[in-house]
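# What the coordinates show
Chain by chain, the residues:
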Amino acid sequence: MRKPYYESILLIERLHRHFLEVLKTELDRLGIQDINNVQSLILYNIGEDEMTVGELTARGYYLGSNVSYNVKKMVENGYLGQERSPHDRRSVRVRLSEKGLDLREKISRMFERHLQALEKAGFSDEELVKTNETLRKLERFWSASLDYSGFPLTSAA
């Protein structure tokens, strides 16, 4: 395996873990003990939307196998409200409660602090845009590999 590709794979995973630790530190700083970092990231991604648990995963708002458990805990702790769909009683829609909206605002303020710190550290918007473009290309490449017809042969991955 070529080293840059494998390093990218490891770096993506490590960056995600580091970000979750940053989020956990922020929750600790705020004295919030009844929600974990993964749950707060799910909460942030829901935002103003109302959606089913399946939509959380389909939209890429959650990675993992225990999304139902995390949603249940957030409902129990007052961060999410839920309601059965009147058209399909098996389907439950979730949305942020007032407590959830408050936490989302606190996380938004953390992101704003991060943006200011990134600018002071010399990160430009152009660098982040280029990084995002590269990551999206890699995402498309891996997504295309899942259709079982083989990897794309063109650079338009």
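Conventions and cut-offs
- Residues numbered from 1 in each chain as written.
- Predicted model: local features only at pLDDT ≥ 70, side-chain atom pairs only at ≥ 80, totals over all residues.
- Heavy atoms only, no water.
- Helix = DSSP H or I, 4+ residues; strand = E, 2+ residues; numbered from the N terminus.
- Buried < 20%, exposed > 50% of the residue type's maximum accessible area, 1.4 Å probe, protein only.
- pLDDT = per-residue confidence, 0-100.
- Patch = residues over 30% accessible without salt bridge, like charges linked within 9 Å, V, L, I, M, F, W, Y side chains within 5 Å.
- Areas by Shrake-Rupley, 256 points an atom, 1.4 Å probe, with all protein chains shown as cover.
- Salt bridge = Lys/Arg side-chain N within 4 Å of Asp/Glu carboxyl O.
- Lys, Arg positive; Asp, Glu negative; His and termini not counted.
- Charge placed at Lys NZ, Arg CZ, Asp CG, Glu CD.
- Pairing = 2+ DSSP bridges.
- Expected span 1.5 Å × (residues − 1).
- Contact = heavy atoms within 4.5 Å.

Another point: the overall build of the protein chain. Across its full length, the protein chain holds 6 helices and 3 strands. Each helix and strand of the protein chain, ordered N terminal to C terminal, gives the series α-α-β-α-α-β-β-α-α. Its C-alpha atoms give the protein chain principal-axis dimensions of roughly 45 × 45 × 25 Å. Residue burial in the protein chain is summarised as follows: out of 157 residues, 25% are buried.

This part is about the confidence of the model for the protein chain. In this model, the protein chain carries a mean pLDDT of 89, and residues with pLDDT of at least 70 account for 91%. Element-level mean pLDDT values for the protein chain span from 83 in helix α3 (residues 53-58) up to 97 in helix α5 (residues 98-120).

It is worth spelling out a positive patch on the surface at this point. A contiguous patch of positive charge on the surface is contributed by Lys 130, Arg 136, Lys 137 and Arg 140. In this structure Lys 130 comes out as exposed when scored by relative accessible area, which is 52%.

Our next topic: the pairing of strand β3 (residues 92-96). Here β3 shows a buried face lined by Val 92, Val 94 and Leu 96 and an unburied face lined by Arg 93 and Arg 95. Examined bridge by bridge, strand β1 (residues 51-52) and β3 share 2 bridges and lie antiparallel to one another. Bridging across to β3, Thr 52 finds its partner in Arg 93. Bridge count between strand β2 (residues 80-84) and β3: 5 bridges; the pairing is antiparallel. Across the sheet, residue Arg 84 finds its bridge partner in β3, namely Val 92.

Turning our attention to the pattern of salt bridges. Tallied over the entire structure, the rule returns 13 salt bridges. For Asp 49, the salt bridge goes to Arg 59, with nearest N and O atoms at 3.4 Å. Residue Asp 49 is located in the loop between α2 (37-46) and β1, and its partner Arg 59 is located in the loop between α3 and α4 (67-76); the two are separated by 10 residues in the primary sequence. Judged by its relative accessible area of 32%, Asp 49 falls in the partly exposed class. Overlapping salt bridges bring together Glu 26, Arg 29 and Arg 113 as one network.

Counted at 1.5 Å a residue, the expected span for α5 with its 23 residues is 33 Å, and the 34 Å between its end C-alpha atoms agrees. Looking at α5, one finds that the buried residues are Gly 100, Leu 103, Ile 107, Ser 108 and Met 110. Next to the buried residues of α5 lie α1 (3-29), α2 and β3. Gly 122 lies just past α5 and shows a positive phi near 95 degrees.

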